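# Residue-level structure breakdown
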Amino acid sequence: MSAVPAQPASGESLGGPAGGGDSAPSNVTAPPGPGRFAPAELEAVLKRYDLGRVDSIREFIRGSAQAPKVVVGGPFGKFLIKRRAPGEDHPYQAAFCHALQLHLSDRGFPAPALVGTRDDNNSMLQMDGRVYEVSEFIEGDPFDRSPLAARAAGAMLSRFHSGTRGFHCGFHTPADFAHGDERAEILLDRCLDRLSANRAVGGGADGVGAGGQRGATPDPVMLIDGLRALWRGCVKDLDHSGITAWPRTLQHADWHPGNLVFAGQSVRAVLDYDSCRRGPRLIDLAGGTLHFSIVSVAAGGPPAAGTTDPSTWPATPDEPRARAFLAGYQSDQAPLNASERAALAPAMAAAMLLESLPPVASTGGFAGRPGDAFLEMVRRKSQWLMDNAGAVAELAAG
């Protein structure tokens, strides 16, 4: 049931509407929301695949809320059905990501197997202007926040970078990483508008925290001004590092615990190739170091528990986990040079800012937490990274 690389519809132009290829009008009604499958929509998708008898269907609430997912089970096993999120659903982008995923699988990398469509074994289904994909569902353990598991995650990122060498795709490659991404400035303005509106009306479902969190956060203008200064400091420091001249490699660009499936303290599978693009290896490494060392518990709290109040999260990362992740990566790669080590802290801070701003700009909150409290935590953690760039660089020195 393994798929062949996706083939977008003939005549499809970059930026044009999705359609054709393995597609046909389904006459299904629109889903009730961007993050849910309508029953008729899911039935139409299932008819395009040979998954055998379906005994169970459950929503899979993980990853982007804009990309609904369900797990179906039956005699042939369990499969994940996903509708690609808006902005990541152009057929050429899907084709590129699928080709890379199949390339990695052929080289023994633990990527979930893509399932081909019934009629032509295509790795994506284009239907009613949407793009769908089906893959095997891999079960396992979550990241246990141990240094051993963090080291395994770093070593797997090294395998990913090694496995992408020699990969060539006839479809358009996604845009390269740009460390001075202008979207950040736009998102900061939108965050300010959203937070100011929330405060003016007394907050909403996403804008008010329990226990008076709002009173402990700064004025929205002061908060956004601080974040903007941090962002511009990151760009300046990365400019100074000479990052624009560094070699490019294919990045996963979303290397965090939610995209890795563990078996104990070993990595069993790597998920979600939707964000892959080219860029300096340090950017992937910085994002991974950030996510696998972030501390989201109250100071002095139990290491395996998280709290919903980001104001209690310490500014410092978990040093043993950060050091282990970096050591795992460098165990099978050339060690980071002095310029890369110096750029690690601003790259980590930039990654935190870029990933935190879109949800707040859109909804005023982040994963159910009030946006102002969450962004104040981001400001504290990012400021610590920038103020302690030398210490962060030493983490990569072994």
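Details of the structure are given in the entry above.
Anyway, here's the lowdown on the structure attached to this text. (Residues numbered from 1 in each chain as written. Predicted model: local features only at pLDDT ≥ 70, side-chain atom pairs only at ≥ 80, totals over all residues. Heavy atoms only, no water.)

### Observations regarding the overall build of the chain
Counting its secondary structure elements, the chain contains 10 helices and 11 strands. Buried positions account for 51% of the 398 residues belonging to the chain. Within the chain, contacts between residues at least 6 apart in sequence are counted, and of these 76% link residues at least 24 apart. Surface accessibility of the chain: about 17200 Å² in total, with carbon and sulfur atoms responsible for 54%. (Helix = DSSP H or I, 4+ residues; strand = E, 2+ residues; numbered from the N terminus. Buried < 20%, exposed > 50% of the residue type's maximum accessible area, 1.4 Å probe, protein only. Contact = heavy atoms within 4.5 Å. Areas by Shrake-Rupley, 256 points an atom, 1.4 Å probe, with all protein chains shown as cover.)

### A few points about helix α3 (residues 147-164)
Its 18 residues place the ends of α3 26 Å apart at the C-alpha level, agreeing with the 26 Å of an ideal helix rising 1.5 Å per residue. Looking only at α3, the buried set comprises Ala149, Ala150, Ala152, Ala153, Gly154, Met156, Leu157, Ser158, Phe160, His161, Gly163 and Thr164. Close packing links the buried residues of α3 with α2 (91-106), β6 (249-251), β7 (260-263), β8 (266-270), α6 (281-293) and α7 (319-330). (Expected span 1.5 Å × (residues − 1).)

### Regarding the sheet that holds strand β2 (residues 69-74)
Strand order in the open sheet made by the 5 strands is β1-β2-β3-β5-β4, with antiparallel pairing throughout. Among the strands making up the open sheet, the edge pair consists of β1 (56-59) and β4 (125-127). If you compare each strand with its neighbour and ignore which way they point, the axes differ by 25° on average. Here β2 runs beside strand β3 (residues 77-83); their pairing, made up of 6 bridges, is antiparallel. Residue pairing in the sheet places Val71 in a bridge with Leu80 of β3. (Pairing = 2+ DSSP bridges. Axes fitted to C-alpha atoms, helices over the stretch in contact; angles between N-to-C directions.)

### Notes on the pattern of salt bridges
On inspection of all chains with the given rule, the structure shows 17 salt bridges. Among the salt bridges present, the one from Arg321 reaches Asp318, with a minimum N-O distance of 3.6 Å. In this structure Arg321 comes out as buried when scored by relative accessible area, which is 5%. A relative accessible area of 23% means that Asp318 is categorised as partly exposed. (Salt bridge = Lys/Arg side-chain N within 4 Å of Asp/Glu carboxyl O.)

### Some points on the packing of aromatic side chains
Scanning the model with the defined rule gives 11 aromatic pairs in all. Summarising the aromatic geometry, the rings of Phe109 and Phe160 are spaced 5.9 Å apart at their centres and angled 65° between planes, so their arrangement reads as edge-to-face. Residue Phe109 is found in the loop between α2 and β4, and its partner Phe160 is found in helix α3; the two are separated by 51 residues along the sequence. When sorted by exposure, Phe109 lands in the same class as Phe160, which is buried. On the basis of an interplanar angle of 15° and a centroid distance of 5.4 Å, the ring pair of Phe292 and Phe325 is categorised as stacked. (Phe/Tyr/Trp six-rings, centres within 6.5 Å; stacked < 30°, edge-to-face > 60°.)

### Considering the packing of α6 against α7
It is the contact of α6 with α7, at a shortest axis distance of 8 Å, that shows an interaxial angle of 145°. The two elements α6 and α7 cross, and the hand of that crossing is right-handed. Counting all contacts with α6, which are made through Arg281, Leu285, Gly288, Thr289, Phe292 and Ser293, the residues of α7 involved are Arg321, Ala322, Phe325, Leu326 and Tyr329. Here the contact of α6 with α7 is composed, by residue class, of 6 nonpolar, 3 polar and 2 charged. (Left-handed = near helix turned anticlockwise from the far one by under 90°. Nonpolar A, V, L, I, M, F, W, Y, C, P; charged D, E, K, R; others polar.)

### A word on α6
Taking 1.5 Å per residue as the helical rise, α6 with its 13 residues ought to reach 18 Å, and the 18 Å between its terminal C-alpha atoms agrees with that figure. Buried residues dominate α6, accounting for 13 of its 13 residues.

### Some remarks on the packing of helix α5 (residues 220-241) against helix α8 (residues 338-363)
When two helices pack together, you describe them by how their axes are tilted relative to each other and by the distance separating the axes. Where α5 meets α8, the axes come as close as 9 Å, and the angle between the chain directions of the two elements is 150°. Classified by the interaxial angle, the pair formed by α5 and α8 is roughly antiparallel. Handedness of the α5/α8 crossing: left-handed. Here α5 contributes Leu227, Leu230, Trp231, Cys234, Asp237, Leu238 and Ser241 to the contact with α8, which in turn contributes Ser339, Ala343, Pro346, Ala347, Ala349, Ala350, Leu353 and Leu354. (Parallel < 35°, antiparallel > 145°, perpendicular 65-115°, else oblique.)

### Observations concerning the pairing of β7
One ladder, built from 4 bridges, connects β7 with β8; its direction is antiparallel. For Val261, the partnering residue across the bridge sits in β8 and is Ala269. Between β7 and β8, which pair antiparallel in sequence order, lie 2 residues; one of them, Gly264, sits at a positive phi of approximately 70°.

### Focus on the nonpolar core
Residues Phe109, Trp255 and Leu375 are the most contacted members of the largest nonpolar core, which totals 75 residues. For this core, the element with the most residues is α8, which contributes 13 residues. Setting aside its immediate chain neighbours within four residues, Trp255 contacts Phe109, Ala153, Met156, Leu157, Phe160, Leu260, Val270, Gly287, Gly288, His291, Phe292 and Phe325. With 16 residues, the next largest nonpolar core counts Leu42, Leu46, Leu51 and Leu125 among its residues. (Core = buried A, V, L, I, M, F, W, Y, C linked by side-chain atoms within 4.5 Å.)

### Focus: the side chain of Asn259
When you line up the elements, Asn259 lands in the loop between β6 and β7. Within the structure, the side chain of Asn259 is placed 2.9 Å from the backbone oxygen of Asp254, a separation counted as a polar contact. If near-sequence neighbours (up to four positions away) are discounted, Asn259 is found in contact with Arg62, His252, Asp254, Ala269, Val270, Leu271 and Asp272. (Polar contact = N/O pair within 3.5 Å; in protein donor to acceptor, adjacent residues only side chain to side chain.)

### Digging into the environment of Asp254
Positionally, Asp254 belongs in the loop between β6 and β7. Measuring from C-alpha to C-alpha, the distance between Asp254 and Asp274 comes to 8.6 Å, with 20 residues separating the pair along the chain. Residues contacting Asp254, with those up to four places away along its chain left out, are Asn259, Asp272, Ser275 and Asp284.

### Some words on the state of the cysteines
Applying the stated criterion across every chain, the model contains 0 disulfides. The thiol of Cys97 is unpaired, and the distance to the nearest cysteine sulfur, on Cys276, comes to 5.5 Å. (Disulfide = S-S within 2.5 Å.)

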